[in-house]
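Letter by letter, the chains look like this.
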Amino acid sequence: GKVLQLGDVVLSVDGVDIADDGTILLREDERIGFTHLISCKHAGDVLKVRVWRDGARVELEATSARNQPLLPTSGGLDCEPSYFVFGGLVFTILSLPFISAYFGRKPEPPAWLQPSRFQANPGEQVVVLSHILVNDVVHGYRPPIPSVITKYNGREVLTLEHLASMVRETQAGEFCEFKLHNDAVVVIEAGAARDAQKEIMRQHGITAPAAPSS
């Protein structure tokens, strides 16, 4: 369970006192954030934590663990280029490299694009509509790009592969409804999208409808 409780004031970590501003003494006349103490630990290391709780000092022990970021952070390390194309709609996953490409090197995505708004469980991905390739199937659609895909035909979208799987299961004559984060929807007919797929890929020099292929 959680070691710290709401209202705890952390006084020291491993015997190193933490100042009121959350810093520790690194070397003479140089201070740094106390999280430096934690980042120096390996997963599984035990930290001794002193807190002020309910009017008294309390000694606690906490085990360090690897922090799992909400977003993939490094292209080629914890994420690789992934996309799915259908009817001219290009989908990919939200990652820090993606955000940097669209919005410049900012420390976090814009407020509306915060991953915590869309991810409920570990392992889920934020799937975004990143491009619309012009063709008759999607003629007239001008949603904001990028847009987060929250639902497909009324079902929650959990990962990029989950979305691709649901799209592939949609039969000709049925409609594909992609709900966006702003409650707008993009609706295309599955059969028409499949019929146009080969020509769309040829026109835009796309060699495969998805990557990694599955």
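Our structure's up above, just so we're on the same page.
Cut-offs used in this document
- Residues numbered from 1 in each chain as written.
- Predicted model: local features only at pLDDT ≥ 70, side-chain atom pairs only at ≥ 80, totals over all residues.
- Heavy atoms only, no water.
- Helix = DSSP H or I, 4+ residues; strand = E, 2+ residues; numbered from the N terminus.
- Buried < 20%, exposed > 50% of the residue type's maximum accessible area, 1.4 Å probe, protein only.
- Contact = heavy atoms within 4.5 Å.
- Areas by Shrake-Rupley, 256 points an atom, 1.4 Å probe, with all protein chains shown as cover.
- Core = buried A, V, L, I, M, F, W, Y, C linked by side-chain atoms within 4.5 Å.
- Pairing = 2+ DSSP bridges.
- 1 Å grid on protein atoms, 1.4 Å probe; cavity = no way out; pocket = protein on both sides within 12 Å on 5 of 7 lines; lining within 4 Å.
- Points joined across faces, edges and corners; volume = space filled by probe spheres on them.
- Nonpolar A, V, L, I, M, F, W, Y, C, P; charged D, E, K, R; others polar.
- Phe/Tyr/Trp six-rings, centres within 6.5 Å; stacked < 30°, edge-to-face > 60°.
- Salt bridge = Lys/Arg side-chain N within 4 Å of Asp/Glu carboxyl O.

1. Quick notes on the overall build of the chain
Next up, step 1: The secondary structure content of the chain amounts to four helices and 14 strands.
Next up, step 2: Within the span of the chain, comprising 214 residues, buried residues form 35% of the whole.
Next up, step 3: Counting only contacts in the chain whose residues sit at least 6 apart along the sequence, the fraction spanning at least 24 positions is 52%.
Next up, step 4: Total accessible area on the chain stands at roughly 13100 Å², and carbon and sulfur atoms take up 53% of it.

2. Side note on unusual backbone geometry
Next up, step 1: Across the junction of Ile145 and Pro146, the peptide omega takes the value 0 degrees, indicating a cis bond.
Next up, step 2: Within the chain, Asp29 stands out as a residue other than glycine whose phi angle is a positive 65 degrees.
Next up, step 3: You can see Asp29 is positioned in the loop between strand E3 (23-27) and strand E4 (30-33).
Next up, step 4: Of note, Asn153 is a non-glycine position whose phi angle comes to about 50 degrees, a positive value.
Next up, step 5: Tracing the chain through its elements places Asn153 in the loop between strand E10 (147-152) and strand E11 (155-156).

3. Overview of the nonpolar core
Side chains that are nonpolar tend, in soluble globular proteins, to be buried together.
Next up, step 1: Phe84, Leu89, Phe91, Tyr152, Leu163, Phe178 and Ile188 are the most contacted members of the largest nonpolar core, which totals 32 residues.
Next up, step 2: Contact partners of Ile188, with chain neighbours within four places excluded, come to Phe86, Gly87, Leu89, Val137, Val138, Glu174, Phe175, Cys176, Phe178 and Ala193.
Next up, step 3: Counting eight residues, the second-largest nonpolar core is a separate cluster that includes Val13, Ile24, Leu37 and Val49.

4. A closer look at the side chain of Ser12
Next up, step 1: As for its position among the elements, Ser12 is in strand E1 (residues 9-13).
Next up, step 2: Setting aside its immediate chain neighbours within four residues, Ser12 contacts Asp17, Ile18, Lys48, Val49 and Arg50.

5. Quick notes on the sheet that holds E1
Next up, step 1: The four strands are arranged E2-E1-E5-E6 in an open sheet whose pairing can be described as antiparallel. The two strands at the open ends of the sheet, each matched to only one other strand, are strand E2 (16-17) and strand E6 (56-63).
Next up, step 2: Relative to E2, E1 runs antiparallel, the two sharing two bridges. Bridging across to E2, Ser12 finds its partner in Asp17.

6. What about the layout of surface pockets?
Next up, step 1: Taken as a whole, the second largest pocket holds about 530 Å³ of empty space.
Next up, step 2: Forming the walls of the second largest pocket are 19 residues, and the residues nearest its centre are Ile38, Leu47, Ala62, Thr63 and Ser64.
Next up, step 3: Listing elements by their share of the lining of the second largest pocket, those giving two or more residues are E1, helix H1 (35-39), strand E5 (46-53) and E6.
Next up, step 4: In terms of residue class, the lining of the second largest pocket is built from eleven nonpolar, five polar and three charged.

7. Digging into the packing of aromatic side chains
Next up, step 1: Tallied over the entire structure, the rule returns five aromatic pairs.
Next up, step 2: An angle of 25 degrees between the planes, with centres 6.2 Å apart, marks the rings of Phe84 and Phe91 as stacked.
Next up, step 3: A residue is classified by how much of its surface remains accessible, and Phe84, at 5% relative accessible area, is buried.
Next up, step 4: Each member of the aromatic cluster is reached from another via a ring pair, and the members are Phe84, Phe86, Phe91, Tyr152 and Phe178.

8. As for the pattern of salt bridges
Next up, step 1: Inspection of every chain in the model, using the stated rule, returns eight salt bridges.
Next up, step 2: The closest approach of N and O atoms between Asp8 and Arg53, which form a salt bridge, is 2.7 Å. Pair noted here: Asp8 is in the segment before E1 and Arg53 is in strand E5, with a separation of 45 residues, a long-range link.
Next up, step 3: In this structure, Lys48 engages Glu61 in a salt bridge whose closest nitrogen and oxygen atoms are separated by 2.9 Å. Of the two residues, Lys48 is situated in strand E5 and Glu61 in strand E6; the sequence distance between them amounts to 13 residues.

These figures capture arrangement, not role.
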